[in-house]
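# Structural description and commentary
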Amino acid sequence: MAFPFFNVTLSSFLFVLLFFTSAPVVNPLSTVAISETSNHTLICALRPNGDRESFLSCSGSPAGIQIPVPGLNSNISYSGVVAGDGFVCALSSFTSSISVMVCWRFSADGTSVNFKRIYEGQIIREFEAGNSHYCGLVNATNRLLCWPWQEFNSSTSAAQNLSFSSIAVGDDFVCGLSGFGMISCLGNNSRVNNEAPQGNYSMIAAGSKHACALTLDNDLRCWGDTVGNIPQDKFKLLALGENRSCGLLINETVVCWGKNNFRLQESLQDTYFLHIEAKRNVFCGVMKTNLSLICWGNQNLDSNLMVFEEVLPGPCRSVCPCGILVGSVRFCSQGHICEHWYTNTVNQPPASSPPTLRPLPQPSPSGGSSGWNDKTIASLVVGCVGCCSFLLSIGFFLFKYCKCRGCRVHDSGRLDETGAPLGQGLREQQPPQTEQAPAILEKRLSQLASMGNAGQLEEFSLQVLLLATNNFSEDHKVGTGSFGSVYLGNLEDGREVAIKRAETSTSSSYAVGTKHQEDKDNAFINELESLSRLHHKNLVRLLGFYEDSNERVLVYEFMSNGTLHDHLHKVQDSPLMSWAARIKVALDAARGVEYLHEYAVPRIIHRDIKSSNILLDSSCTAKVSDFGLSLMGPDDEESHLSLRAAGTVGYMDPEYYRLQQLTTKSDVYSFGVVLLELLSGYKAIHKNENGVPRNVVDFVVPYIVQDEIHRVLDSRVPPPTPYEIEAVAYIGYLAADCVILEGRDRPSMSEIVNSLERALAACLMHPTSLSRSTTGSSA
């Protein structure tokens, strides 16, 4: 699927770093804030009211610090709150593009309270506070703003040269994650600044004088003035105080550690939480069972844990890429509260199932009971389970029957960007089948539904899609895919989506019975079949579809940074202007293809890997797209599928084209061409200095094998540093191995992933020696 999403202005390509995908960014706006001043503690939280809005409520412990009344209007719905030593600040968005920040400052005894509007401007998407300062990230530019901390707001500040996807604020330092998960720390705490670990991380948190981060595997790394034995558990969220810390484990219980053998009190050790916050000695958590806020850490709180009976576990959002919190619709007039997300935990279930969110009470019919008793409910559950099992069994046998009888996807034959078939003469011409095509499509849709896959997708109405695209206007058209045009759509719930619509004939009836239409139908059902059962962070997510006798439409997640092809060959100010960034994109895409080859059941051969089918999201995480040409791979006892060649000129495996035998190594060849593009900046087919078309494989590979890769590296990227050059040369050899003529001599995608991981690690830190033999190729 080729999505040149930004064809209007270069400003559309701003590097909006919301940290990648693989990167789980926890809700960046907190609904709980803690201020510990002298011997007093003020705890504030956003709480629901009856109108599905949130209001700010504060409670002092012990009684003394009062709710900061001046300027606190319960009619204002806030989206985030932070606090520190003598202040509470809240953030609200009165329009979709304007944020307003207000703060209350109070004396130690709470008798003097001052209210002030601090900020009004572009949307603040992340809002964090230390004991003395509070900072935010401006959504449009990722600019770091801090109050009262002028050194970070100055145009000459080093902070203004950085682009953060997430931040954490300590006493006298700020740490942030780049879009690729690398840590940078600024400020006056030299130990925190100098000890920040290298590598890629998914989230970061700060205490008074130390910081911690989570790796992509949910492991914990801490630095600075850390105290206590750091646990070796897997975490999804962190809350750091002063010489003490707590973390929310993957199973949603909390573990604490720190000075004087600080531990979570025994009565809370089996409690499940949705969110935790900390400031100095005080920690608070939102309980999963009933959304009550309980706090611990000092004598007053430990003896009276409950602070509020119900608080919002997170801000209301229009889009929840990681899922919607069950039951949260009752809190939001618009949107939902999103689930926290964390990576690499699919196979790590909690030790025991945590309780679910308390459901909204349902009133009973007047004049009697609802008529539901335990026996009725049990019978209904047993009946539903039995029906589902029966349908799944039928679907399984249909699938096995189809597989044994040789049912396979038709070759759509698209070979270039415009759809012109390179091998058109190879395909046999078949007579029109005026009634057969709809019947075949209907049968395959029925098989898809019988296997339970269609139920995972949303079936959109045509009216919704027309409204989202202004009747599929040319202004919304952003590209072409394997079976039609791609449009940028804006749904009523605020989601931005990519809508792929099959081309239709100019006649009043749909183009039924032609081979061209059969190809379009096959591409449509291919993507529906493939993506409805494929779920991976490096594959573009299919949200839903629409289908009738006149329309075939697929709806995808919107990839706001467009295609890799555009970043390499069109965009002047691209975030991919470093070798680490390019290697990271290559690794993302390789992981997506590896999933298709090794972990999908049955495995998938993509057949159209190219830079325009690798899309980048807002954090520049790469995802593989366009499954219109994909096919189920050969059975374990077979080595290939025999079918006529299809793909894109410049990327197609010559062995596949010559022998018409498709294997996973055909995708490997195409991926090798993408690697050569990333290294050289040349298109797969480009013109030389004399205007003669030239293949990037023929031009670049000879320089690689002669150890002269430096002569063909993309001149737009700064020359590799001594730490980077070995990694870049290593990837050059890997690319050369991928495009070897004999498929059996090429590495597998798993070997490619391993090699790219080694190269990225070497590029980001002092490298160990890289050997070409580690690519796994025999060449």
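Just so it is clear, the model here is predicted, and its values are computed rather than measured.

## Description of the overall build of the chain
Of regular secondary structure, the chain possesses 14 helices and 39 strands. Taken across its 779 residues, the chain has 56% of its residues classed as buried. Contacts in the chain between residues far apart in sequence, at least 24 positions, make up 59% of those at least 6 positions apart.

## A few points about the confidence of the model for the chain
The predicted model of the chain has a mean per-residue pLDDT of 76, with 67% of residues at 70 or higher. When the criterion is pLDDT under 50, residues 69-73 qualifies, and its contacts beyond four places in sequence or with other chains add up to 11 contacts. Segment residues 505-513: pLDDT under 50, and 19 contacts once partners within four positions in sequence are set aside and those in other chains are kept.

## Topic: the sheet that holds strand β11 (residues 166-169)
Two pairing modes exist for strands in a sheet, parallel and antiparallel, and in both the strands are linked by backbone hydrogen bonds. The 3 strands lie next to each other as β11-β12-β13, forming an open sheet whose pairing is antiparallel. Edge positions in the open sheet fall to β11 and β13 (183-187), since each of these has one partner strand only. Strand-to-strand twist of the sheet, defined as the mean angle between neighbouring strand axes without regard to direction, takes the value 20°. In terms of strand pairing, strand β12 (residues 173-177) meets β13 through 5 bridges, oriented antiparallel. Following the sheet pairing, Gly176 is matched in β13 by Ser184.

## Quick look at helix α14 (residues 749-764)
Working note: α-helix, 3.6 residues per turn, so residues spaced by three or four point in the same direction. With 16 residues, α14 ought to run about 22 Å at 1.5 Å a step, and its terminal C-alpha atoms sit 22 Å apart, in line with that. Of all the positions in α14, only Met749, Ser750, Ile752, Val753, Ser755, Leu756, Ala759, Leu760, Ala762, Cys763 and Leu764 are classed as buried.

## Observations regarding the packing of aromatic side chains
Applying the stated rule across the entire model yields 11 aromatic pairs. An angle of 55° between the planes, with centres 6.0 Å apart, marks the rings of Phe235 and Trp257 as tilted. With Phe235 in strand β17 (residues 235-240) and Trp257 in strand β19 (residues 254-258), this residue pair connects regions lying 22 residues apart in the sequence. Each member of the pair, Phe235 together with Trp257, is buried. Ring centres of Tyr682 and Phe699 lie 5.2 Å apart, and the angle between their planes is 90°; this geometry places the pair in the edge-to-face category. In this pair, Tyr682 is assigned in the loop between α11 (664-680) and β38 (685-687) and Phe699 in helix α12 (residues 696-705), connecting sequence segments 17 residues apart.

## Examining the sheet that holds strand β7 (residues 113-122)
Across the sheet, which stays open at both edges, the 4 strands sit in the order β4-β5-β6-β7 with antiparallel pairing between neighbours. Of all strands in the sheet, those with a lone pairing partner are β4 (80-84) and β7, marking the two edges. Strand after strand, the sheet turns through a mean of 15° between neighbouring axes, direction not considered. Here 5 bridges tie β4 to strand β5 (residues 87-93), and the two strands are oriented antiparallel to one another. Looking at the pairing, Gly84 lines up with Phe87 of β5.

## Some points on the pattern of salt bridges
Under the definition given, this model contains 20 salt bridges. One salt bridge in this structure joins Arg582 and Asp714, with 3.0 Å as the shortest N-O distance. Taken as a pair, Arg582 in helix α9 (residues 579-599) and Asp714 in the loop between α12 and α13 (722-738) lie far apart in primary sequence, 132 residues in all. Residue Asp714 is classed as buried on the basis of its relative accessible area of 7%. By sharing partners, the salt bridges in this structure join Arg191, Glu195 and Asp225 into a single network.

## Thoughts on the side chain of Glu252
Examined against the element boundaries, Glu252 turns out to sit in the loop between β18 (244-249) and β19. In this structure the side chain of Glu252 is engaged in a polar contact, spanning 2.8 Å, whose partner is the side chain of Lys288.

## Observations regarding empty space enclosed by the protein
By the definition in use, this model includes 5 cavities of 30 Å³ or more. If you add up the space inside the largest cavity, you get close to 550 Å³. Around the largest cavity, the lining is made up of 41 residues, and of these Glu128, Ala205, Ala206, Leu238 and Glu277 lie nearest the centre. For the lining of the largest cavity, the per-class residue count stands at 24 nonpolar, 11 polar and 6 charged.

How each quantity is defined
Residues numbered from 1 in each chain as written. Predicted model: local features only at pLDDT ≥ 70, side-chain atom pairs only at ≥ 80, totals over all residues. Heavy atoms only, no water. Helix = DSSP H or I, 4+ residues; strand = E, 2+ residues; numbered from the N terminus. Buried < 20%, exposed > 50% of the residue type's maximum accessible area, 1.4 Å probe, protein only. Contact = heavy atoms within 4.5 Å. pLDDT = per-residue confidence, 0-100. Pairing = 2+ DSSP bridges. Axes fitted to C-alpha atoms, helices over the stretch in contact; angles between N-to-C directions. Expected span 1.5 Å × (residues − 1). Phe/Tyr/Trp six-rings, centres within 6.5 Å; stacked < 30°, edge-to-face > 60°. Salt bridge = Lys/Arg side-chain N within 4 Å of Asp/Glu carboxyl O. Polar contact = N/O pair within 3.5 Å; in protein donor to acceptor, adjacent residues only side chain to side chain. 1 Å grid on protein atoms, 1.4 Å probe; cavity = no way out; pocket = protein on both sides within 12 Å on 5 of 7 lines; lining within 4 Å. Points joined across faces, edges and corners; volume = space filled by probe spheres on them. Nonpolar A, V, L, I, M, F, W, Y, C, P; charged D, E, K, R; others polar.

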